[in-house]
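Residue-level listing of the chains:
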Amino acid sequence: MSAAAAAARDAHMDELRALMAAHTPPLHALLVPSEDAHQSEYVSERDKRRQFISVFNGSAGLALITMKEALLWTDGRYFLQATQQLSDRWKLMRMGEDPPVEVWIADNLSEEAVIGINPWCISVNTSQRYGHSFSKKNQTLFELSSDLVDEIWKDRPLAKALPVTVHPVEFAGRSVTEKLKELRENLLHEKARGIIIAALDEVAWLYNIRGDDVHYNPVVHSYAIVTLHSAFFYVDKRKVSAEVQNYMTENGIDIREYNMVQSDVSLLASGQLKGSAVNGSSHGENNMNENSKVWIDSNSCCLALYSKLGEDQVLILQSPIALPKAVKSPTELDGLRKAHIRDGAAVVQYLAWLDNQMQENYGASGYFSEAKGSQKKEHLEVKLTEVSVSDKLEGFRATKEHFKGLSFTTISSVGPNAAIIHYSPEASSCAELDADEIYLCDSGAQYLDGTTDITRTVHFGKPSEHEKSCYTAVLKGHIALDAAVFPNGTTGHALDILARTPLWKSGLDYRHGTGHGVGSYLNVHEGPHLISFRPSARNVPLQASMTVTDEPGYYEDGNFGIRLENVLIVKDANTKYNFGDKGYLAFEHITWAPYQSKLIDTTLLAPDEIEWVNTYHADCRKILQPYLDEQEKEWLRKATEPITVSS
């Protein structure tokens, strides 16, 4: 960062502290979360308040500013990145190692301290956890009427009116009518008069709409309220075309302005919310008995909306949309399989192109050879950088049917940068490719029929024996999870160890989860299930027709990083027996791109692991060949030749 930029950041901190001191009541601390008003993991540019004040641009983090200190909490994916990006005015707090923010506040701030928060940007669950911790010293979580960061962010991006689009049933698989019927059955079952839906991907899934309000996530800044008789869609009406208006009307959904949601929640609470009922007449929602509740998901509903509800009228449960969205319809599964085939072809085209470029311009031995020594051309016409090559990969994807864009910023990383787990290269400062260093590429795309996420790690020179043994340990864990068979009711917490065991045997590990759900032309990170060591991975068992990634890794700070990632579909397993009549599950991989044979130390693989690689490669060749030209087919043929134990 330049001296001028650093000085500007320092000035912002001073301005913020002045606002905190002048506030009524005066604030002893200010919390600045990463999340937006929908508790999103990935947010729009104008919602990146924590990044604005701290400079740290990872997707996960929480800033705490007191009158004397500035602290930032983040998880293991971002420890190295945060160390590099935070100035010396900030202290990095490592989640899982340092005390959580609410414990730090209770231990370090004074009795009756007032901690400010934008109530739109904190979930009910988090606010209740903080409140419990703060009560020990009569500290207060104070709901601000305006966001103090917004007051000092002079060039904050404006809200854009990007259009809402209808996602056709041919891709969605289920109609809005069907989804609303199922949702209302859930409301009746739980004796709820209505539900507030705040998560952007849940609104998009329920109403079969998509948008472009958050980079890489095809969602619309919106809320939904669904009652037994009505349905509402809260959105900036400038985004709604006549076609979308008609679509909503046909499905019995009232469109209201985005900023009306808070007042309508108050009406819902009092039973006075009126809309176009499903039978065409207008109803207030006051015909339920006194015990009827308003359903919220405490992880996605914000404090600002919750505050409009009486405590005795709230039903706090996991959203009834989370599981139906995660358990894909046959149409969605078919689309995901097809999207991953086209995407795999693009990745193979990219690797073949990159192999050729590295040999021609950098004198590399290439993807297949381990010959030592490389001689870069003295006068390169076009320099290969982390950004320029990832742009080329996007170009290959853009030629594919139904392509809509990337599903996240490509993690294109060379050597030491590959050790930064969620590294995001910038054109002005990124590294040049190097034939003597590992190259890790984690990328994905959005297609109308599915979302993809794939990681491959390659070396275009001579990898060290250490790099090979680490790559092979990661591959062994990747295979172990892929090949797992497990009873119904098993969570991702129980399966996570399978991917780590081969690394643990050498005293190695990685600081991120092993797998996350993937949306269907929706968010690349999708819950409620995950495969991880985190306690939340115990909450939701895996079910048939869910998607989940398989992505173990190993990262050596300052040297290299390795990750291998496929998307899997959970399927019913055909086991010989069925102990306990539980039914058993297994995985189907739908990602197709080769593993680099020269990075595999075959002496470390068991016979069944060698067979797995060879079977995968044979399938890969057969599935992708129709999408490739002759040169690319030949490259893939060579990349998928059977491996054997080297003597």
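Residues numbered from 1 in each chain as written. Predicted model: local features only at pLDDT ≥ 70, side-chain atom pairs only at ≥ 80, totals over all residues. Heavy atoms only, no water.

Some words on the overall build of the protein
Next up, step 1: When you go through the protein residue by residue, the secondary structure sums to 19 helices and 30 strands.
Next up, step 2: Here the protein has a C-alpha radius of gyration of 26 Å; the compact-globule value for 647 residues is 26 Å, and the two agree.
Next up, step 3: Seen through its C-alpha atoms, the protein measures out along the principal axes to roughly 75 × 60 × 50 Å.
Next up, step 4: The buried share of the protein, taken over its 647 residues, is 57%.
Next up, step 5: For the protein, the exposed surface amounts to about 26500 Å²; the carbon and sulfur share of it is 50%. (Helix = DSSP H or I, 4+ residues; strand = E, 2+ residues; numbered from the N terminus. Rg over C-alpha atoms; globule rule 2.2 N^0.38 Å. Buried < 20%, exposed > 50% of the residue type's maximum accessible area, 1.4 Å probe, protein only. Areas by Shrake-Rupley, 256 points an atom, 1.4 Å probe, with all protein chains shown as cover.)

Describing the confidence of the model for the protein
Parts of the model with low pLDDT should not have their predicted coordinates read in detail.
Next up, step 1: For the protein, per-residue confidence averages 95 on the pLDDT scale, and 96% of positions sit at 70 or higher.
Next up, step 2: Of all secondary-structure elements in the protein, the lowest mean pLDDT belongs to strand β14 (residues 282–284), at 48, while strand β29 (residues 566–572) reaches the highest, 99.
Next up, step 3: The model gives residues 279–283 a pLDDT under 50, and that stretch makes ten contacts with residues more than four places away or in other chains. (pLDDT = per-residue confidence, 0-100. Contact = heavy atoms within 4.5 Å.)

Quick word on unusual backbone geometry
Next up, step 1: Residues Thr24 and Pro25 are joined by a peptide bond in cis, for which omega reads -5°.
Next up, step 2: By the secondary structure assignment, Pro25 is in the loop between α1 (3–22) and β1 (29–33).
Next up, step 3: The omega angle of the peptide bond from Gly527 to Pro528 is 5°, so this bond is cis rather than trans.
Next up, step 4: Within the secondary structure, Pro528 is located in strand β25 (residues 526–531).
Next up, step 5: Here the phi dihedral of Asn138 falls at roughly 55°; this positive angle occurs in a residue that is not glycine.
Next up, step 6: The phi dihedral of Tyr216 falls on the positive side, at around 75°, and the residue is not glycine.

Topic: the UniProt feature "domain: Peptidase M24 C-terminal" (unreviewed entry) in the protein
Next up, step 1: The positions UniProt marks with the feature "domain: Peptidase M24 C-terminal" (unreviewed entry) are residues 583–643.
Next up, step 2: A helix fraction of 46% and a strand fraction of 10% characterise residues 583–643, whose end C-alpha atoms lie 35 Å from each other. (UniProt positions renumbered as here; feature names shortened; annotations may be inferred.)

Notes on the nonpolar core
Next up, step 1: Residues Tyr350, Leu354, Met358, Leu384, Val389, Tyr439 and Leu624 are the most contacted members of the largest nonpolar core, which totals 68 residues.
Next up, step 2: Setting aside residues up to four positions removed in sequence, Leu384 forms contacts with Trp353, Leu354, Gln357, Met358, Tyr362, Val389, Glu432 and Leu433. (Core = buried A, V, L, I, M, F, W, Y, C linked by side-chain atoms within 4.5 Å.)

Description of the packing of helix α8 (residues 176–189) against helix α9 (residues 200–207)
The relative placement of two packed helices comes down to the angle between their axes together with the axis-to-axis distance.
Next up, step 1: Remark: α8 packs on α9, axes separated minimally by 7 Å, with the N-to-C direction vectors making an angle of 115°. Only Trp205, Leu206 and Tyr207 of α9 make contact with α8, whose side of the interface consists of Val176, Lys179, Leu180 and Leu183.
Next up, step 2: Among the residues making up the contact of α8 with α9, the classes are represented as six nonpolar, no polar and one charged. (Axes fitted to C-alpha atoms, helices over the stretch in contact; angles between N-to-C directions. Nonpolar A, V, L, I, M, F, W, Y, C, P; charged D, E, K, R; others polar.)

Points about the pattern of salt bridges
Next up, step 1: Tallied over the entire structure, the rule returns 34 salt bridges.
Next up, step 2: Between Lys338 and Asp334 there is a salt bridge, with the nearest N and O atoms lying 3.1 Å from each other. A residue pair is termed a helical-turn pair when its members lie 3 or 4 positions apart in one helix, as Lys338 and Asp334 do in helix α14 (residues 330–362) at four residues.
Next up, step 3: For Lys338, a relative accessible area of 44% gives the class partly exposed. (Salt bridge = Lys/Arg side-chain N within 4 Å of Asp/Glu carboxyl O.)

Some remarks on the side chain of Glu526
Next up, step 1: Mapped onto the fold, Glu526 is located in strand β25.
Next up, step 2: In this structure the side chain of Glu526 is engaged in a polar contact, spanning 3.5 Å, whose partner is the side chain of Lys325. (Polar contact = N/O pair within 3.5 Å; in protein donor to acceptor, adjacent residues only side chain to side chain.)

Things to note about the sheet that holds strand β18 (residues 411–414)
Next up, step 1: The strand order across the open sheet built from three strands is β18-β19-β22, with neighbouring strands paired in antiparallel fashion. The sheet is open, and its two borders are formed by β18 and β22 (454–459), each paired with just one other strand. Across the sheet, the axes of successive neighbouring strands diverge by a mean angle of 10°, strand direction being ignored. (Pairing = 2+ DSSP bridges.)

Quick notes on the sheet that holds strand β17 (residues 403–406)
Next up, step 1: Here we have three strands laid out as an open sheet, ordered β17-β20-β21, and antiparallel in their pairing. Every interior strand has two partners, whereas the edge strands, β17 and β21 (450–451), have only one.
Next up, step 2: For β17 and strand β20 (residues 445–447), the ladder comprises three bridges, and the chain directions are antiparallel. Across the sheet, the residue bridging to Gly405 is Gln446, located in β20.
Next up, step 3: Its contacts with the sheet put helix α15 (residues 386–398) on β17 and β20, and the angle it makes with β17 is roughly 165°.

Re the side chain of Arg210
Next up, step 1: Checked against the element boundaries, Arg210 lands in strand β9 (residues 209–210).
Next up, step 2: Here Arg210 occupies a buried position and makes no salt bridge, while the nearest side chain of opposite charge, Glu332, is found at 5.6 Å.
Next up, step 3: A distance of 3.2 Å separates a polar atom in the side chain of Arg210 from the backbone oxygen of Ala204.
Next up, step 4: Of note is the side chain of Arg210, whose polar atom sits 3.2 Å from the backbone oxygen of Ser520. (Lys, Arg positive; Asp, Glu negative; His and termini not counted.)

Remarks on the packing of aromatic side chains
The description of two aromatic rings rests on the distance between their centres and on the angle between their planes.
Next up, step 1: Taken as a whole and assessed by the stated rule, the structure comprises 18 aromatic pairs.
Next up, step 2: With a centroid separation of 5.7 Å and 80° between ring planes, the pair formed by Phe56 and Tyr78 is classed as edge-to-face. Residue Phe56 is found in the loop between α2 (49–54) and β2 (62–66), and its partner Tyr78 is found in the loop between β3 (70–74) and α3 (79–85); the two are separated by 22 residues along the sequence.
Next up, step 3: In this structure Phe56 comes out as buried when scored by relative accessible area, which is 0%.
Next up, step 4: With a relative accessible area of 2%, Tyr78 lands in the buried category.
Next up, step 5: Taken together, the ring pairs in this structure connect Trp592, Tyr595, Trp612 and Tyr616 into an aromatic cluster. (Phe/Tyr/Trp six-rings, centres within 6.5 Å; stacked < 30°, edge-to-face > 60°.)

Digging into α14
Next up, step 1: If you check α14, its first and last C-alpha atoms are 46 Å apart, about what 33 residues at 1.5 Å a residue would give, namely 48 Å.
Next up, step 2: Trailing α14 by a residue or two, Gly363 shows a phi angle of about 60°, which is positive. (Expected span 1.5 Å × (residues − 1).)

Details of a nonpolar patch on the surface
Next up, step 1: Among the surface-exposed residues, Ile497, Leu498 and Trp504 lie close enough to one another that they form a single nonpolar patch of about 260 Å² accessible area.
Next up, step 2: Here Trp504 shows up in helix α17 (residues 492–504). (Patch = residues over 30% accessible without salt bridge, like charges linked within 9 Å, V, L, I, M, F, W, Y side chains within 5 Å.)

Describing the pairing of β22
Next up, step 1: Summarising burial for β22: six of the six residues are buried, a large majority.
Next up, step 2: On β22, burial covers both faces: Ile454, Arg456 and Val458 on one face and Thr455, Thr457 and His459 on the other are all buried.
Next up, step 3: Pairing of strand β19 (residues 438–443) with β22 involves six bridges; the strand directions are antiparallel. Bridging across to β22, Leu440 finds its partner in Thr457.

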